[in-house]
Amino acid sequence: MKQLKMLWRSRETPFPENPWKGFDYRPSTGSAEDIRSWVEICKHGLLPPEAGEDSYRDLLVNWKDYRTSDTWFVEREGTPVATVTAIVHPETRRGSVHMVAAFPECRGQGVGGLMNRIACAVFWEAGCEAADLTTDDFRIPAIRSYLSAGFLPVDWDEDMTGRWEAILRELGRSRVEMVDEDGRPVRLLLP
């Protein structure tokens, strides 16, 4: 099954000024320690248990326009517990959210919202007109967080309307705008 796509249309989104419920955040330095932290965090839902530092190169460094500072860590007491990557593509004035993960003990504490706010702030400060991401139907908490951050469902394949309506029913959401890949309105989802 093809992944779902979501799109964020630019709107003012400053970086959070204060730590979020005991969490703080910072960009990656690209150090060996940061790479190890990224791999360990991503093993909780995105990477297999045997993944190593080569995953960092394959999934981040080799992406077009990737810079080390595009990867951000959410920390609790100085220890990385979650990560999000916000890649800016200057030639298209678009951004991409990539590799969002958190340790299980941090889920449900607003960390997803913080990571989305960081990514959107990166895009807004860079002058991006839009940003996109892909996700899976079963990632309901992540989808809830993306919708709250202003990401909209994208109609990019024939079965998207039905899939999105099922997800929105599960979330108890209605009247959600669906857009095309350029951000133009396509329909209002009324599950």
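Residues numbered from 1 in each chain as written. Predicted model: local features only at pLDDT ≥ 70, side-chain atom pairs only at ≥ 80, totals over all residues. Heavy atoms only, no water.

Visitor: Please clarify how the packing of aromatic side chains should be interpreted in this entry.
Guide: Aromatic ring pairs are reported here in terms of the distance separating the ring centres and the angle at which the planes meet. Within this structure, the stated rule accounts for 7 aromatic pairs. Between the aromatic rings of Trp8 and Phe123, the centroid separation amounts to 6.2 Å while the plane-to-plane angle is 45°, which identifies the pairing as tilted. Placement of the pair is Trp8 in strand E1 (residues 4-9) and Phe123 in helix H3 (residues 111-125), with a sequence separation of 115 residues. Accessibility expressed as a relative area gives 0% for Trp8, which makes it buried. Its relative accessible area of 0% is what places Phe123 among the buried residues. (Phe/Tyr/Trp six-rings, centres within 6.5 Å; stacked < 30°, edge-to-face > 60°. Helix = DSSP H or I, 4+ residues; strand = E, 2+ residues; numbered from the N terminus. Buried < 20%, exposed > 50% of the residue type's maximum accessible area, 1.4 Å probe, protein only.)

Visitor: Can you walk me through the state of the cysteines in this structure?
Guide: When the sulfur atoms of two cysteines share a covalent bond, that bond is a disulfide. Using the criterion set out here, one finds 0 disulfides in the structure. Unpaired in terms of disulfides, Cys42 finds its nearest cysteine sulfur in Cys106, a separation of 13 Å. For Cys42, a relative accessible area of 0% puts it in the buried group. (Disulfide = S-S within 2.5 Å.)

Visitor: I keep staring at unusual backbone geometry and nothing clicks. Help me out?
Guide: Trans is the prevailing form of peptide bonds, just as negative phi is the prevailing case for residues other than glycine. The backbone phi angle of Asp65 is positive, close to 70°, even though this residue is not glycine. You can see Asp65 is positioned in the loop between helix H2 (53-61) and strand E3 (71-76). For Asp65, a relative accessible area of 26% corresponds to the partly exposed category.

Visitor: Quick question: what am I supposed to make of the sheet that holds strand E5 (residues 94-102) here?
Guide: In any sheet, the strands associate via hydrogen bonds between backbone groups, in a parallel or an antiparallel arrangement. Read from one edge to the other, the open sheet built from 7 strands follows the order E2-E3-E4-E5-E6-E1-E7, with strand pairing classed as mixed. Each of the sheet's edge strands pairs with one partner strand only, and the pair in question is strand E2 (23-27) and strand E7 (151-153). Ignoring which end each strand starts from, the neighbouring axes of this sheet average 30° apart. The pairing of E1 with E7 spans 3 bridges and is antiparallel. Residue pairing for E7: Met6 is matched across the bridge by Pro153. (Pairing = 2+ DSSP bridges. Axes fitted to C-alpha atoms, helices over the stretch in contact; angles between N-to-C directions.)

Visitor: Looking at this structure, I do not really get the nonpolar core. What am I missing?
Guide: Generally speaking, nonpolar side chains in soluble globular proteins are found buried as a group. Counting residues in hydrophobic clusters, the biggest one holds 55 residues, and the most contacted among them are Trp38, Val74, Phe123, Phe151 and Trp164. With 8 residues, the top contributor of residues to this core is H3. Apart from residues lying up to four places away in sequence, Trp164 is in contact with Leu4, Lys5, Met6, Ile143, Pro153, Val154, Met178 and Leu189. Counting 5 residues, the second largest nonpolar core, distinct from the first, contains Leu7, Ala130, Leu152 and Val154. (Core = buried A, V, L, I, M, F, W, Y, C linked by side-chain atoms within 4.5 Å. Contact = heavy atoms within 4.5 Å.)

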